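Inside the fold
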Amino acid sequence: MQTICITGGAGFIGVNLVRKLLDNRAKIRIIDDFSTGREINLQGIEGQVELYRGDLRDTDLLKEALQGVDVVYHQAAMPSVPRSMEAPLKTTDITLMGTVNLFNQAAESGVQRVVYASSSSIYGNQPGFPRTEEMYPAPESPYAASKAACELFGKVFGTNFPVETVGLRYFNVFGPYQDPTSNYAAVVPNFITAVLAGESPVIYGDGEQSRDFTYVQDVVKANIYAAEKGQNGRVYNVARRDQTTINQLLEMVCKTVGADLEAKFEEARPGDVRCSYGDDRLFNKETGFTADYSVARGVRETVEWYRENLDYWDCLE
Ligand SMILES: NC(=O)c1ccc[n+]([C@@H]2O[C@H](COP(=O)([O-])OP(=O)(O)OC[C@H]3O[C@@H](n4cnc5c(N)ncnc54)[C@H](O)[C@@H]3O)[C@@H](O)[C@H]2O)c1
């Protein structure tokens, strides 16, 4: 049986990955400092995972947690563009230095492969769509710049150190367990919880900005494909080659919930890119991966989950 470590395993994408890998009967370790991750996300599976509570930048913690580990799925980061505009140093310290510490310790501990989360934000506002992996990174925020730097280190470690690395550039992931309560909450959980409560959601800018929304189960599948079939040192887009505007997304959420609500429009946020959609063909060619979920199907499953878990976030401070 494989021993797998998931950093950020108490967070949104991490916990979806943990739950899937438990189904596959792997031995699971989680490293998380619960800065944005939640205890409640691990409810019902506490006994089935080994939890290493602490910071990714703590080398001693990593040394202990990575002993005997075959594969690491690295999700931990300070994952927000607007938050990184307010706290550039902290974002860089956690996201970049935490990742370099992880690569280094993984190499020293005999881990075979680290699959790590990068982000579509590294493409910035440069011309040319859909985004392809050979485009040069053009970050617009400290978060995006940190992720681009993580990719450089991923290549260095994968090439010159005894550990393989594969990076995945996620494009706006959504689904169950995504936290709608933080000031930096993502658009899908924001819209769904507002619409379920009968409140008008906020749209920053004119709503004509677009994103390539990816359902979290496809991201989970992408991680497993990257671990099993991805090429060492590569970075792949995890996308659907399709764009949805924020206005269209709200329409989809309202239709799914059966509500009729107008958005409140506010100033566009600095650091946000105007348009984003990615080319997934390299990942498909090299691993056979294709996304299974349309945005509409993902939204239906997500709305269902939030409906069934309306009190989920009540216990949070
Ligand atoms: N959600 C998206 O749309 C999206 C898009 C692109 C990239 N990503 C990347 O995917 C990864 C997961 O994002 P998410 O949406 O699940 O966010 P999340 O905030 O739900 O999860 C991040 C997890 O990392 C943990 N963490 C943060 N700093 C840590 C540290 N120093 N030490 C240990 N644990 C720490 C948090 O407590 C949390 O559990 C991140 O690397 C993020 O940058 C996400």
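Residues numbered from 1 in each chain as written. Predicted model: local features only at pLDDT ≥ 70, side-chain atom pairs only at ≥ 80, totals over all residues. Heavy atoms only, no water.

1. Structural notes on helix H8 (residues 246–257)
For an α-helix, the turn length of 3.6 residues means that residues three or four places apart are oriented alike. In this model H8 runs 17 Å from its N-terminal to its C-terminal C-alpha over 12 residues, within 8% of the 16 Å that 1.5 Å per residue would give. Within the span of H8, buried status applies to Ile 246, Leu 249, Leu 250, Val 253, Cys 254 and Val 257. All buried residues of H8 fall inside an arc of 135° around its axis, so they share one side. Facing away from the buried side of H8 by more than 90 degrees, the exposed set consists of Glu 251 and Lys 255. Next to the buried residues of H8 lie helix H6 (187–196), strand S8 (202–204), strand S9 (210–211), strand S12 (244–245) and helix H10 (295–308). Phi for Gly 258, located one or two positions after H8, is positive at around 85°. (Helix = DSSP H or I, 4+ residues; strand = E, 2+ residues; numbered from the N terminus. Expected span 1.5 Å × (residues − 1). Buried < 20%, exposed > 50% of the residue type's maximum accessible area, 1.4 Å probe, protein only. Arc of directions from axis to C-beta. Contact = heavy atoms within 4.5 Å.)

2. Here we look at the packing of helix H4 (residues 88–109) against helix H5 (residues 142–160)
Helix-helix packing is described using two parameters, namely the angle between the two axes and the distance between the axes. Closest axis-to-axis distance for the H4/H5 pair is 9 Å, and the angle between their directions is 15°. As the angle between them shows, H4 and H5 are arranged roughly parallel. Helix-helix and strand crossings are classified by hand; for H4 and H5 the assignment is right-handed. Of H5, the residues touching H4 (which contributes Pro 88, Thr 91, Thr 92, Thr 95, Leu 96, Thr 99, Val 100, Phe 103 and Asn 104) are Pro 142, Tyr 143, Ser 146, Lys 147, Ala 149, Cys 150, Phe 153, Gly 154 and Phe 157. (Axes fitted to C-alpha atoms, helices over the stretch in contact; angles between N-to-C directions. Parallel < 35°, antiparallel > 145°, perpendicular 65-115°, else oblique. Left-handed = near helix turned anticlockwise from the far one by under 90°.)

3. Quick word on the sheet that holds strand S11 (residues 235–238)
Taking strand neighbours across the sheet as the criterion, the seven strands line up as S3-S2-S1-S4-S5-S6-S11 in an open arrangement whose pairing is parallel. Each end of this open sheet is capped by a strand with a single partner; those strands are strand S3 (49–53) and S11. The sheet shows a mean angle of 20° between the axes of neighbouring strands, taken without regard to direction. Direction of pairing for strand S6 (residues 164–170) relative to S11: parallel, over a ladder of four bridges. Considered in S11, the bridge of Arg 169 is made with Asn 237. In this fold helix H1 (residues 12–23) packs onto strand S1 (3–7), strand S2 (27–32), S3, strand S4 (71–74) and S6, with an angle of close to 165° to the strand it touches most, S1. Across the sheet, H4 lies against S1, S4, strand S5 (113–119) and S6, angled at about 165° from S5, the strand it touches most. (Pairing = 2+ DSSP bridges.)

4. A look at unusual backbone geometry
The amide bond that connects Phe 129 to the next residue, Pro 130, takes the cis arrangement and shows omega of -10°. By the element assignment, Pro 130 lies in the loop between S5 and H5. Residues other than glycine seldom take positive phi values, yet Phe 34 does so here, at roughly 60°. With respect to the helices, strands and loops of the structure, Phe 34 is situated in the loop between S2 and S3. The phi dihedral of Tyr 177 is positive, around 80°, even though this residue is not glycine. Structurally, the position occupied by Tyr 177 is in the loop between strand S7 (173–174) and H6.

5. A look at the site of the ligand
Around the ligand there are 27 residues in total, and Asp 32, Thr 36, Tyr 143, Lys 147 and Val 173 lie nearest to it. The backbone of Ile 13 places a nitrogen or oxygen atom 2.8 Å from an oxygen atom of the ligand. A distance of 2.6 Å separates an oxygen atom of the ligand from a polar side-chain atom of Thr 36. For the ligand, whose unbound accessible area comes to 820 Å², protein coverage reaches 92%. At the level of secondary structure, the elements contributing two or more residues to the shell around the ligand comprise H1, S5 and H5. With three residues, the single largest contributor to the shell around the ligand is S5. In the shell around the ligand, the residues fall into 13 nonpolar, 10 polar and four charged. (Near = heavy atom within 4 Å. Polar contact = N/O pair within 3.5 Å; in protein donor to acceptor, adjacent residues only side chain to side chain. Areas by Shrake-Rupley, 256 points an atom, 1.4 Å probe, with all protein chains shown as cover. Nonpolar A, V, L, I, M, F, W, Y, C, P; charged D, E, K, R; others polar.)

On their own, these measurements won't tell you what the molecule is for.
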